[in-house]
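Understanding the architecture of this molecule
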Amino acid sequence: MIPTKQGNPNAASVEQTFNVFGVLLNFLVTPNETGHQVSLFKGTLPPRVVIPLHSHAEPEVFYVLEGSLEVYRESGETQGWSTTQPGGVVAIPGKVKHALRNTSSTPTSVILVTQDELYNFFRSLAKPFEAGQMPAPPSPEDMLQLFAAAAKYRYWMGSPGENATIGIVLG
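Residues numbered from 1 in each chain as written. Predicted model: local features only at pLDDT ≥ 70, side-chain atom pairs only at ≥ 80, totals over all residues. Heavy atoms only, no water.

A few words on the nonpolar core. Leu25, Phe27, Phe41, Phe62, Leu69, Phe121 and Phe122 are the most contacted members of the largest nonpolar core, which has 29 residues in total. At five residues, the largest contribution of residues to this core is made by helix α1 (residues 116-125). Beyond its immediate sequence surroundings of up to four residues, Phe62 is in contact with Leu69, Gly88, Val89, Val90, Ile92, Leu100, Val110, Ile111 and Leu112. (Core = buried A, V, L, I, M, F, W, Y, C linked by side-chain atoms within 4.5 Å. Buried < 20%, exposed > 50% of the residue type's maximum accessible area, 1.4 Å probe, protein only. Helix = DSSP H or I, 4+ residues; strand = E, 2+ residues; numbered from the N terminus. Contact = heavy atoms within 4.5 Å.)

If you want it as structure tokens, here you go:
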């Protein structure tokens, strides 16, 4: 059970940070708070964190707060890698293969708006994170959990070869 804000059992925890495979998330607004329409997160990608090539039906909108966010899109107007600086917005339509990374030496923080299925996916993988600790690399068990969750939510995950083609080395 996630600790809640203001005693509301449907509210998110803005005080607690969660680790989702190296990405630190604060769930700011849950789907329960919006009639199952949207959710809002704050995400922090520590230096050199990569979110491998994947796709899902839900769109995502990122607003970069600090640092720089590198985004790969397989299709659309901005195909390939692009970098978004603070104050910039990245919109990724549903079903578009994409990847994210922070190749800088400083953390990248974003606000993410998406729909309830992606919230549920993240919550199924989220582990409490204590300030001051470094996120550990995913274990083999973590990777099995990721692929099981991806299959449950019908998300496509790129193979190591497909990731290598766009410059992401897994493992």
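Judged by which residues are buried, strand β9 (residues 98-101) turns out to be covered on both faces: His98 and Leu100 on one side and Ala99 and Arg101 on the other are all buried. Two elements, strand β4 (residues 50-55) and β9, share three bridges in a ladder whose sense is antiparallel. Along β9, the bridge assignment pairs Val50 with Arg101. Note: strand β6 (residues 69-73) against β9, four bridges, orientation antiparallel. Residue pairing across strands places Val71 opposite Leu100, the latter belonging to β9. (Pairing = 2+ DSSP bridges.)

All told, the structure shown has three salt bridges when counted by the stated rule. For Arg101, the salt bridge identified is with Glu70, shortest N-O distance 2.9 Å. Taken as a pair, Arg101 in strand β9 and Glu70 in strand β6 lie far apart in primary sequence, 31 residues in all. When sorted by exposure, Arg101 lands in the same class as Glu70, which is buried. Lys97 serves as the salt-bridge partner of Glu74, at 4.0 Å between the closest nitrogen and oxygen. Of this pair, Glu74 sits in the loop between β6 and β7 (80-84) while Lys97 sits in the loop between β8 (89-92) and β9; the two residues are 23 residues apart in sequence, bridging distant segments of the chain. (Salt bridge = Lys/Arg side-chain N within 4 Å of Asp/Glu carboxyl O.)

What follows is about helix α2 (residues 140-152). Each α-helix turn comprises 3.6 residues. Residues three or four places apart therefore point the same way. The end-to-end C-alpha distance of α2 is 18 Å, a good match for the 18 Å that 13 residues give at a rise of 1.5 Å each. Taken together, the buried positions of α2 are occupied by Asp142, Leu146, Ala149 and Ala150. Seen along its axis, α2 keeps its buried residues to an arc of 100°; they face one direction. With respect to the buried face of α2, the exposed residues turned more than 90 degrees away are Pro140, Glu141, Leu144, Ala151 and Lys152. Along its buried surface, α2 packs onto α1, β11 (127-129) and β12 (156-157). Two residues or fewer after α2 comes Arg154, characterised by a positive phi angle close to 60°. (Expected span 1.5 Å × (residues − 1). Arc of directions from axis to C-beta.)

Turning our eyes to something else, we now look at the packing of α1 against α2. Running from amino to carboxyl end, α1 crosses α2 at an angle of 155°, the nearest separation of the two axes being 10 Å. Put simply, α1 runs roughly antiparallel to α2. Once α1 is placed against α2, the crossing between them reads as right-handed. Of the residues in α2, those touching α1 at Phe121, Ser124 and Leu125 are Gln145, Leu146, Ala149 and Ala150. Residues that form the contact of α1 with α2 fall into these classes: five nonpolar, two polar and no charged. (Axes fitted to C-alpha atoms, helices over the stretch in contact; angles between N-to-C directions. Parallel < 35°, antiparallel > 145°, perpendicular 65-115°, else oblique. Left-handed = near helix turned anticlockwise from the far one by under 90°. Nonpolar A, V, L, I, M, F, W, Y, C, P; charged D, E, K, R; others polar.)

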